[in-house]
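Survey of secondary and tertiary structure
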Amino acid sequence: MGLLRTIAIILIIYYALKIIGKYIMPLFVKKMVDNVEKKFQEKQESQYKNEAGKVGETIIDKKPSDYKEGNKDVGDYVDYEEVKDDK
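Residues numbered from 1 in each chain as written. Predicted model: local features only at pLDDT ≥ 70, side-chain atom pairs only at ≥ 80, totals over all residues. Heavy atoms only, no water.

Here we take up the overall build of the chain. Looking only at helices and strands, one finds one helix and zero strands in the chain. Of the roughly 10000 Å² of accessible surface on the chain, a fraction of 59% belongs to carbon and sulfur atoms. (Helix = DSSP H or I, 4+ residues; strand = E, 2+ residues; numbered from the N terminus. Areas by Shrake-Rupley, 256 points an atom, 1.4 Å probe, with all protein chains shown as cover.)

A full pass over the atoms with the stated rule returns one salt bridge. Among the salt bridges present, the one from Lys30 reaches Asp34, with a minimum N-O distance of 3.5 Å. Remark: Asp34 and Lys30 occur in helix H1 (residues 2-51); sequence separation between them is four residues, near one turn of the helix. Taking the relative accessible area as the measure of exposure, Lys30 reaches 51% and is therefore exposed. (Salt bridge = Lys/Arg side-chain N within 4 Å of Asp/Glu carboxyl O. Buried < 20%, exposed > 50% of the residue type's maximum accessible area, 1.4 Å probe, protein only.)

All right, on to a nonpolar patch on the surface then. Where nonpolar side chains cluster on the molecular surface, the patch consists of Ile9, Ile13, Leu17, Ile19, Ile20, Tyr23, Ile24, Met25, Phe28, Val29, Met32 and Val33 and spans about 1100 Å² of accessible area. With respect to the helices and strands, the residue Ile19 is situated in helix H1. (Patch = residues over 30% accessible without salt bridge, like charges linked within 9 Å, V, L, I, M, F, W, Y side chains within 5 Å.)

Function cannot be inferred from these measures alone, as they are strictly geometric.
Right, here's the structure in full:
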């Protein structure tokens, strides 16, 4: 009796998951895709509004970082010569 009950529970869970996967999950995924699409469109619109300036106008969003040169006294220069191997 216990074995039949266990098999029945497993089958019920299996078919319930199949139904959820077939009918409910596509609705959930569609809603998520719609939300992502809406956010993408909002970002595109805000970017388009920011670009609507005068023709030929250059806008710099951030200040470039200062360029720092490395320390030139780090090592010694070694002049290499090519060695030919006569074999």
